[in-house]
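Each chain, letter by letter, is given below.
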Amino acid sequence: MPELRDVVYVDGVRTAFGRATPDGLFARTRADDMAVKALRELLRRNPTLPPERVDDVVFAATAQVGDQGLTLGREVALLAGLPATVPGFAVDRMCAGALTATTAGAGEIAMGAADVVLVGGVEHMGHHPMGEEVDFNPRFVSERLIDESAAVMGQTAENLHDTFPHLTKEAADAYAIESQRRAGKAWDDGVMDDIVVPMSVFSDDGWKVADRDEFLRPDTTMEALANLRTPFRAGGRVTAGNSAGLTDGATAALITSADAAAELGLEPKLRLVGFAYAGVEPHLMGLGPVPATKRVLERAGLGIDDVDLFELNEPFAVQVLTWCDGVGVAPDDPRLNPYGGAIACGHPLAATGVRLMAQLARGFRERPRSRYGLTALCIGLGMGAAILWENLQTSG
């Protein structure tokens, strides 16, 4: 049995995230072309990596149909100009698609089956609305395997409010405002210039450049959020203001063995320490990152206070609040989502995981004395994912 090898994250990029509407940034752009753009930019930014040294390409999508349905890893590799000798495959774990692509690629590297793997995810929710081409097995409901609300993410967020009534709409709105503020500041400070890849797109008004997230509202106020419609329940607490919008976007990352990074002159930013997936009741989907976080920390022999940065997805503000409650982190903790999150930038399902990784790496660069960081998110049908990373950009 070979000894497992260290896996490192070298670089990660994403497109801007656009509204999944007929007039959104990417309305007339193919999903696979968005993924190709991210992959090509990753290769351009790392010129010491010969394309033929890529051993595998793993790409995720939740709706694996249409322009994001042709064994994405292989399709995107060929479209991006990688040699025909480079294989690829697609994965689906809904919102954890890109994280699952990462852990799948990491397994190849750790076992010595690969040295260099490109990973990522894409979701064009404008072309493929959530659940549109899904045929849910009627046994789920008829045999009471899951509650009917489990199929609608917004209803699962309302269920969290029901289960934890101390997590109020006001607390969710306050968190959403802070996410918007932090994201706006990150853009103003140039943080996203290191992560977001400008892309030329065609629109009804001709060609333009997609280079900024469409959901940003850094001047949002409590007053503006107070009376928004609650689409998932009359008199509910989940609104467009304290949720991530339906989004189009793509991400890509480069992971390698530590030895390959040194050989190829690449500069790794993170070392993968461990990862965990967990299941919860499907109608309480947002709880998933709590057991996943606890599991990966326990396996690493660490506590929550040993972690210096958290990048947690924000499909709904109440989901973040339940994670904070469950692991013992205050919602306003400066370690949590310092550059804002999905409430401000959007959540293109399977693409989001690499966004979290890229922001964690950028956060570590600004905090060189930090050692451990966590990327985590909840997953449809009642799951959670968490990856623990070690900072390689330290100053001792």
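Each remark here, short or long, concerns the structure printed above.
Worth saying up front: this structure is predicted, and the values here are computed from it rather than measured.

Trainee: Quick question: what am I supposed to make of the overall build of the protein here?
Mentor: Of the regular secondary structure elements, the protein holds twelve helices and 13 strands. Computed over the C-alpha atoms, the radius of gyration of the protein is 20 Å, within 12% of the 21 Å expected from 2.2 N^0.38 for a compact globule of 396 residues. With 396 residues in all, the protein has 58% of them scored as buried. Put simply, of all contacts in the protein between residues at least 6 apart along the chain, 80% involve residues at least 24 apart. Here the protein has roughly 15800 Å² of accessible surface; of this, 52% comes from carbon and sulfur atoms. For the protein, the distance from the average position of its 36 positive side-chain charges to the average position of its 54 negative side-chain charges is 2 Å.

Trainee: What am I meant to see in the packing of helix α6 (residues 169–188) against helix α10 (residues 317–327) here?
Mentor: How two helices sit against one another is set out by the angle between their axes and by the gap between those axes. The contact between α6 and α10 brings their axes to 8 Å, and the two run at 100°. Classed by the angle they form, the pair α6 and α10 counts as roughly perpendicular. On the side of α6, the interface is formed by A171, A172 and Y175, while α10 contributes A317, V318, V320 and L321. Its residues placed into classes, the contact of α6 with α10 shows seven nonpolar, no polar and no charged.

Trainee: Would you explain the nonpolar core in this entry?
Mentor: The nonpolar side chains of soluble globular proteins are, as a tendency, buried together. Ranked by internal contacts, the top residues of the largest apolar core, which has 83 residues, are Y9, L39, V57, L82 and L118. Considering every element that reaches this core, the biggest residue donor is helix α1 (residues 31–45), with eight residues. Listed in part, the 41 residues of the second largest apolar core include L284, V296, F310 and V327.

Trainee: Mind showing me how you'd approach the pairing of strand β1 (residues 7–15) here?
Mentor: Counting buried positions along β1 yields nine of nine residues, so the element is predominantly enclosed. The pairing of β1 with strand β9 (residues 247–257) spans seven bridges and is antiparallel. Residue pairing in the sheet places V7 in a bridge with S257 of β9. Two strands pair when backbone bridges link them, and β1 and strand β10 (residues 270–279) are joined in this way by two bridges, in the antiparallel orientation. In the sheet register, Y9 faces β10, and the bridge partner there is L270. With two bridges joining them, β1 and strand β6 (residues 196–197) adopt parallel strand pairing. Along β6, the bridge assignment pairs T15 with V197.

Trainee: Where do I start with α6 in this structure?
Mentor: Think of an α-helix as turning once every 3.6 residues; residues three or four places apart then point the same way. Taking 1.5 Å of rise per residue, the 20 residues of α6 would be expected to cover 28 Å, and the 29 Å separating its terminal C-alpha atoms lies within 8% of that figure. Looking one or two residues beyond α6, the residue adopting positive phi is G190, at roughly 85°.

Trainee: Explanation requested: the packing of aromatic side chains in the structure shown.
Mentor: Both the distance between ring centres and the angle between the ring planes are used here to describe each pair of aromatic rings. A full pass over the atoms with the stated rule returns four aromatic pairs. Considering the side-chain rings of F275 and Y277, the 6.0 Å spacing of their centres and the 65° angle between planes classify their relative orientation as edge-to-face. We classify F275 as partly exposed; its relative accessible area is 34%. For R14, the ring lying beneath its charged end belongs to F17, and the centroid distance is 4.2 Å.

Parameters at a glance
- Just so you know, the residues in each chain are numbered from 1, in the order the chain's sequence is written.
- Reporting of local features is limited, given that this is a predicted model, to residues whose pLDDT is at least 70; pairs of side-chain atoms are given and counted only at 80 or more, and all residues count toward the totals for whole chains, interfaces and linings.
- Excluding hydrogens and water, the side-chain figures rest on all heavy atoms present in the structure.
- Helix and strand definitions follow DSSP, with helices as H or I runs of at least four residues and strands as E runs of at least two, each counted in order from the N terminus.
- Throughout, the radius of gyration refers to the C-alpha atoms, and the reference size of a globule is 2.2 Å times the residue count to the power 0.38.
- Relative accessible area decides the class of each residue, using a 1.4 Å probe on protein chains only: under 20% of the type maximum gives buried, over 50% gives exposed, and in between gives partly exposed.
- Residues are treated as being in contact if the distance between any of their heavy atoms lies within 4.5 Å.
- All accessible areas in this document rest on Shrake-Rupley with a 1.4 Å probe, and a residue is counted as covered only by the protein chains that are shown.
- In this tally Asp and Glu are treated as negative and Lys and Arg as positive; neither His nor the chain ends contributes.
- By convention, the point assigned to a charge is CZ for Arg, NZ for Lys, CD for Glu and CG for Asp.
- Every angle, taken between N-to-C directions, lies between 0 and 180 degrees, and every axis is a line fitted to C-alpha atoms, over only the stretch in contact when it is a helix.
- Here the word oblique covers every angle except those under 35 degrees (roughly parallel), over 145 (roughly antiparallel) and from 65 to 115 (roughly perpendicular).
- Three classes are used, and their members are as follows: Ala, Val, Leu, Ile, Met, Phe, Trp, Tyr, Cys and Pro are nonpolar, Asp, Glu, Lys and Arg are charged, and the others, Gly among them, are polar.
- Only buried Ala, Val, Leu, Ile, Met, Phe, Trp, Tyr and Cys residues count toward a nonpolar core, and they belong to the same one when joined by side-chain atoms within 4.5 Å.
- Note on pairing: two strands pair once DSSP finds at least 2 bridges between them.
- Expected span, for any helix, means 1.5 Å times one less than how many residues it has.
- Each Phe, Tyr or Trp ring (for Trp, its six-membered ring) is paired with any other whose centre lies within 6.5 Å, and the angle between the two planes then decides the class: stacked below 30 degrees, edge-to-face above 60, tilted in between.
- Any Lys NZ or Arg CZ that is within 6 Å of a ring centre and within 35 degrees of that ring's normal is treated as a charge sitting over the ring.

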